[in-house]
Each structure stands twice: as C-alpha cells, then as structure tokens.
Amino acid sequence: ISQLPDEMTQRIRVSWVFGNNWSSSQVTIIDFCNYLNGLNSSHKKDLQFRHIISCPMLDFQRQLVNVSYPILEDDIFTTQIEDFLQLFNWYKDDIILGRRDNRWSIVLISIRLQTGIDKNLGAASAHELYTKWENLVSSFDSNAIQTSLLWARSETEMATINSTFRSWIL
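Heads up: these notes are all about the structure in this document. (Residues numbered from 1 in each chain as written. Predicted model: local features only at pLDDT ≥ 70, side-chain atom pairs only at ≥ 80, totals over all residues. Heavy atoms only, no water.)

Overall, the coordinates contain 1 disulfide when judged by the stated rule. One disulfide bridge connects C33 with C55, the sulfur atoms lying 2.0 Å from each other. Judged by the sign of its S-S torsion, about 95 degrees, the cystine formed by C33 and C55 is right-handed. One end of the pair, C33, is in helix α1 (residues 22-37); the other, C55, is in the loop between β2 (49-54) and α3 (56-63), with 22 residues separating them in the sequence. C33 sits in the buried class, given a relative accessible area of 0%. Relative accessible area serves as the criterion here: at 5%, C55 is assigned to the buried category. (Disulfide = S-S within 2.5 Å. Helix = DSSP H or I, 4+ residues; strand = E, 2+ residues; numbered from the N terminus. Buried < 20%, exposed > 50% of the residue type's maximum accessible area, 1.4 Å probe, protein only.)

Printed below as a string of structure tokens:
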C-alpha cells in the first residue's frame, strides 16, 4: 500500500439501493464491513485498502435495543433509521431516505472506504484495481454499486484512447 497521505489517495463509496429485499441488504452491508475489517495484510495490499471511513450499519446494529437485527418490517426499519440519524447525524450522506408508496423509506445506504490508491494513477493500472474492487463487491451483492472519481476518470481516459486508436487505424 502506498505511503501517500490519505488526501492524495482515492476513496471508494459502496452503495446498496434498497428495493424489495432490504432485510438481506442489511446483513450484506454488515458482512461486507466485517470482511474488510478482517482482511489480512496481503489482501489489503492487493486491493490497496487502508480502512473503513464509514459503515453506518455497524453503528446502527450496535445501538438497537429490544429490536432484532435485521429488521424485517420496512416501517420499523425506517423509523429506527430516522431515530439513528438524529443521534448520528454525520451519517446523513450515507443513508438516503426518500418517498416510496406515499411514505418515507430507505432508498440508499453507502459505506465509505479509504484506499492507498494514488489519485493520479494511470488509467490502465486504475482499471485493474477497479476490476478487483468490482469483483469483491459483486461477490457480496451483485446489486451493490462501487464508485470513485478515479474509476470514472480512468474509464473515460481508456475509452478516449481506444476510440482515438481505432480512428487512427481506420
């Protein structure tokens, strides 16, 4: 893992969009965070993973009293999340509520990760790391989305280079 300070390295956001199977997503988020926390040094190095910045479901699960986890009823889950956000308001960017069926409901929950990946890494090398992260995330949940500014930049650069090369050949 690079020795660069965090501000020179890339963060990754992994998000779960809540639909019909949100009780399963609650468990998957916790499992994913616990997996990352338990990575050995060689796996951390392979992914260039440093630490979890934010995993709101870990704190959410810890603060539940007299409620079993995962919460199976949408209304109870939403109410508990709203109460949780009152206590832990720094998670407001990670837990998004929205209107569904004329009531408030969880729309998206994200975790934020700090990597040791240089923000200025070249597109080809960044794409290799993107693929590793994509494979890891999809192994936990094929509906989870992982994003970072570096992934967007590297995909754009690679598409531009490939397009230019193909045009030149023609």
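Let us now look at the pattern of salt bridges. A side chain of one charge can pair with a side chain of the opposite charge when the charged atoms of the two come close. For the coordinates displayed, the defined rule picks out 6 salt bridges. D94 is the salt-bridge partner of R112, the closest N and O atoms lying 2.9 Å from each other. Highlighted residues: R112 in strand β4 (residues 103-118) and D94 in the loop between α4 (74-87) and β3 (95-100), separated in sequence by 18 residues. For D94, a relative accessible area of 0% puts it in the buried group. (Salt bridge = Lys/Arg side-chain N within 4 Å of Asp/Glu carboxyl O.)

This part is about the environment of V67. Looking at the secondary structure, you find V67 in the loop between α3 and α4. Take V67: its relative accessible area is 25%, and that puts it in the partly exposed class. C-alpha of V67 to C-alpha of R11: the two residues are 56 residues apart in sequence and 33 Å apart in space.

This next bit is on the packing of aromatic side chains. Enumeration according to the criterion identifies 14 aromatic pairs in this entry. A centroid spacing of 5.8 Å and a plane angle of 80 degrees characterise the contact between F60 and F77, whose relative ring orientation is edge-to-face. You can see F60 sitting in helix α3 and its partner F77 sitting in helix α4, a full 17 residues away along the chain. Ring pairing ties together the aromatic residues F18, F60, Y69, F77, F84, F88, W90 and Y91, which thus form one cluster. (Phe/Tyr/Trp six-rings, centres within 6.5 Å; stacked < 30°, edge-to-face > 60°.)

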